[in-house]
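For reference, the chains in residue letters:
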Amino acid sequence: MDNHRFFSPHEGMSLSDLSGLCGAELADPSFADRMVTGIAPLARAGEAEVSFANTRKALPDLARSTAAAVFVTDKLAEHVPSGVAALVVPAPQTAFARAAAVLVPAAVKPLRLTTPGGVAETAIVDPSASLEDGVVVEALAVIGAGAQIGAGSVIASGAAIGPGTRIGRDCHIGHGATVQHALIGNHVIIHPGARIGQDGFGYAPGPKGLEKIPQIGRVIIQDHVEIGANTAIDRGALDDTVIGEGTKIDNLVQIAHNVRIGMHCVIVSQVGIAGSATLGNGVMIGGATGIAGHVTIGDGVQLAALSGVAGDVPAGARWGGQPARPMTGVLRDAVEANQRAFGRKDRKKGGEAT
């Protein structure tokens, strides 16, 4: 695969320098001056590329590898072929991610399409908006009255920033995204098509049908948050919707009004979190999980994919299933169901068991 069409190769870095940046130990110092220019999967990494092996499942590919170097654990180091440099580290994938950020820096930053700097001629910026030095506003972006945008931030083509919205420094608001009624910290990435700060889903029954409840809260997004493409985060009804520092949210996630999410959480695609739910710090939620409104999920909770959470989850718990419950029970139920489905004796009509 020719990935150089979109991501140019690095000019070259020695394994000595790379290992230092990634906290790895170069098992054979004779490889210290070997130069690397890129990254690739283990099965097809070439002589100037770096890869990684996390578990013993990777051993067949590792044995055939022709990579310049491979990040491995201490236990896997002995399986690295003689011509390949072993970069020994406790967490190979994490070290590989750090290497990738250095060798392919353009892949870490969101894509910019049009304007090398400044405000594009076709952008619309209200005269009352405040932009610090170094802000880039690409073609056809719109910035509303009284908005404030910090130095080094990029408002990509077609994005819309609502009146009064505040965006911190070194942020990136992706193509076609909309951000309104929001206060956003520094180093935040919002990917294309995301919808931040639209009104929440609130209605009250009335004599003539459902009556809309005005949503007057905000969305507060703290530093170093990343929000995936086409994710929607509703503003609060009377209170605020809050996304904690360092949290990473995948594509196609729905976060309803008044939800409060702690720091350094991971939320995978197609998760839906209903109004006024509260998540602690370090929560990890698998794909397509649904979380009911007004529940509390404690610090460090892990929820398996496809879970249905209807009540509070204690800190540190690992739950799954529908309704969600401790994973020990989910696995036990799965074994019993499997035995009932495939372990029974099938009988022919009027005959013996087979």
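Check the entry above for the structure.
Throughout what follows, the structure given in this document is the object of discussion. One numbering rule holds for all chains: residues counted from 1, following each sequence as written. Two thresholds apply to this predicted model, a pLDDT of at least 70 for residue-level local features and 80 or more for giving and counting side-chain atom pairs, whereas whole-chain, interface and lining totals are computed over all residues. To obtain the side-chain values, all non-hydrogen atoms of the structure were used and water was disregarded.

1. Re the pairing of strand β22 (residues 209-212)
Item 1. Two strands are said to pair when DSSP picks up at least two bridges between them. Strands are runs of DSSP state E lasting at least two residues, helices are runs of H or I lasting at least four, and both sets are numbered from the N terminus onward. The pairing of strand β21 (residues 203-206) with β22 spans 4 bridges and is antiparallel. Bridging from a neighbouring strand, A204 pairs with E211 of β22.
Item 2. Once β21 ends, the chain turns through 2 residues before running back antiparallel as β22.

2. With respect to the layout of surface pockets
Item 1. A 1.4 Å probe that fits into a set of points on a 1 Å grid over the protein atoms alone but cannot get out defines a cavity; an open set with protein on both sides within 12 Å along at least five of seven lines defines a pocket, and lining residues are those with an atom within 4 Å of a point. Grid points are joined across faces, edges and corners, and a volume is the space filled by probe spheres set on the points. For the largest pocket, the calculated volume is near 940 Å³.
Item 2. Residue lining of the largest pocket: 24 residues in total, with A107, V108, K109, P110 and I189 positioned closest to the centre.
Item 3. Among the elements of the structure, α3 (92-103) and β19 (189-190) are those that each provide at least two residues to the lining of the largest pocket.

3. Details of the packing of helix α1 (residues 15-22) against α3
Item 1. Orientation is described by lines fitted to C-alpha atoms, with helices fitted over the stretch in contact, and by angles between N-to-C directions that extend from 0 to 180 degrees. In the contact formed by α1 and α3, the axes pass within 9 Å of each other and the chain directions differ by 120°. Classed by the angle they form, the pair α1 and α3 counts as oblique. In terms of crossing hand, the pair formed by α1 and α3 is right-handed. Where α1 abuts α3, its residues L18, L21 and C22 lie against A95, R98, A99, V102 and L103.
Item 2. Grouping the amino acids of the contact of α1 with α3 by side-chain chemistry returns 7 nonpolar, no polar and 1 charged. Any angle that falls under 35 degrees is termed roughly parallel, while one over 145 is termed roughly antiparallel, one within 65 to 115 roughly perpendicular, and all others oblique. Should the near helix be turned anticlockwise from the far one by less than a right angle, the crossing is termed left-handed; should it be turned clockwise, right-handed. Two residues form a contact once any of their heavy atoms are found within 4.5 Å. Residue polarity follows a fixed list, in which Ala, Val, Leu, Ile, Met, Phe, Trp, Tyr, Cys and Pro are nonpolar, Asp, Glu, Lys and Arg are charged, and the others, Gly among them, are polar.

4. Notes on a nonpolar patch on the surface
Item 1. On the surface, a cluster of nonpolar side chains totalling about 390 Å² of accessible area is made up of F201, Y203 and L210.
Item 2. For every residue, the accessible area obtained with a 1.4 Å probe (protein chains only) is divided by the maximum for its type, and the residue is called buried under 20%, exposed over 50%, and partly exposed between those limits. Look at Y203 and you get partly exposed, because its relative accessible area is 38%. Like-charged residues within 9 Å of one another, or nonpolar side chains (Val, Leu, Ile, Met, Phe, Trp, Tyr) within 5 Å, are grouped into patches, provided each residue has over 30% relative accessible area and no salt bridge. We get accessible surface area from the Shrake-Rupley algorithm with a probe of 1.4 Å; when it comes to residues, only the shown protein chains can shield them. For salt bridges, the criterion is a side-chain nitrogen of Lys or Arg within 4 Å of an Asp or Glu carboxyl oxygen.

5. As for unusual backbone geometry
Item 1. Following Q322, the chain continues into P323 via a peptide bond in cis, with omega recorded as -5°.
Item 2. Note that P323 resides in the loop between β38 (318-320) and β39 (325-326).
Item 3. The residue L252 is not glycine, and still its phi comes out positive at about 60°.
Item 4. At H264, a residue that is not glycine, the phi angle is positive and equals roughly 55°.
Item 5. Assignment of secondary structure puts H264 in the loop between β29 (260-261) and β30 (266-267).

6. Overview of the sheet that holds strand β14 (residues 160-161)
Item 1. If you walk across this open sheet you meet the 10 strands as β8-β11-β14-β17-β20-β25-β28-β31-β34-β37, and the pairing is parallel. A strand with exactly one partner marks an edge of an open sheet, and here the two such strands are β8 (124-125) and β37 (308-309).

7. As for the nonpolar core
For soluble globular proteins, nonpolar side chains are generally found buried alongside one another.
Item 1. Residues belong to a common nonpolar core when they are buried Ala, Val, Leu, Ile, Met, Phe, Trp, Tyr or Cys residues joined through side-chain atoms within 4.5 Å. Among the nonpolar cores identified, the biggest contains 53 residues, and I155, I190, I196, I273 and I297 are the most heavily contacted of them.
Item 2. Those elements that provide at least two residues to this core are β18 (182-184) and β23 (219-221).
Item 3. Every residue in contact with I297, bar those within four places of it in the chain, is listed here: T278, L279, G280, V283, I291, L303, V309 and V313.
Item 4. Ranked by size, the runner-up nonpolar core spans 21 residues in total, among them F71, A85, F96 and A99.

8. Structural notes on the environment of R112
Item 1. Mapped onto the elements of the fold, R112 is located in the loop between α3 and β8.
Item 2. Given a relative accessible area of 38%, R112 falls into the partly exposed group.
Item 3. Along the sequence, R112 and S157 sit 45 residues apart, while their C-alpha atoms lie 8.1 Å from each other.
Item 4. Excluding its chain neighbours within four sequence positions, the residues that come into contact with R112 are G117, V136, E138, V154 and H172.
Item 5. Identification of polar contacts relies on pairs of N or O atoms within 3.5 Å, with a donor-acceptor requirement for protein atoms, meaning one able to donate a hydrogen and the other able to accept it, and with residues adjacent in sequence counted only if both atoms are side-chain atoms. In this structure the side chain of R112 is engaged in a polar contact, spanning 2.8 Å, whose partner is the backbone oxygen of P116.

9. Some words on the sheet that holds β39
Item 1. Judged by pairing direction, the sheet is mixed, and its 11 strands sit side by side in the order β10-β13-β16-β19-β24-β27-β30-β33-β36-β38-β39 without closing on themselves. The outermost strands of the open sheet, each flanked by one partner alone, are β10 (136-137) and β39.
Item 2. With 2 bridges joining them, strand β24 (residues 226-227) and strand β27 (residues 248-249) adopt parallel strand pairing. Opposite I227, over in β27, you have I249 as the bridge partner.

10. Regarding the pattern of salt bridges
Item 1. Following the criterion strictly, the structure yields 5 salt bridges and no others.
Item 2. Between K212 and D199 there is a salt bridge, with the nearest N and O atoms lying 2.8 Å from each other. Pair noted here: K212 is in strand β22 and D199 is in the loop between β20 (195-196) and β21, with a separation of 13 residues, a long-range link.
Item 3. Its salt-bridge partner being D333, residue R325 comes within 2.9 Å of it at the nearest N-O pair.

11. A look at the packing of aromatic side chains
The description of an aromatic ring pair rests on the distance of the ring centres and on the angle between the ring planes.
Item 1. Aromatic pairs are defined between Phe, Tyr and Trp rings, using the six-membered ring for Trp, whenever the two ring centres lie within 6.5 Å; interplanar angles under 30 degrees are classed as stacked, those over 60 as edge-to-face, and all others as tilted. Here the structure, examined in full by the defined rule, presents 2 aromatic pairs.
Item 2. Between F52 and F96, the ring centres sit 4.9 Å apart and the planes meet at 40°, which makes this aromatic pair tilted. Pair noted here: F52 is in strand β5 (residues 49-52) and F96 is in helix α3, with a separation of 44 residues, a long-range link.
Item 3. Between F201 and Y203, the aromatic rings sit 5.1 Å apart at their centres with planes inclined by 70°, giving edge-to-face as the arrangement.
Item 4. Take F201: its relative accessible area is 69%, and that puts it in the exposed class.

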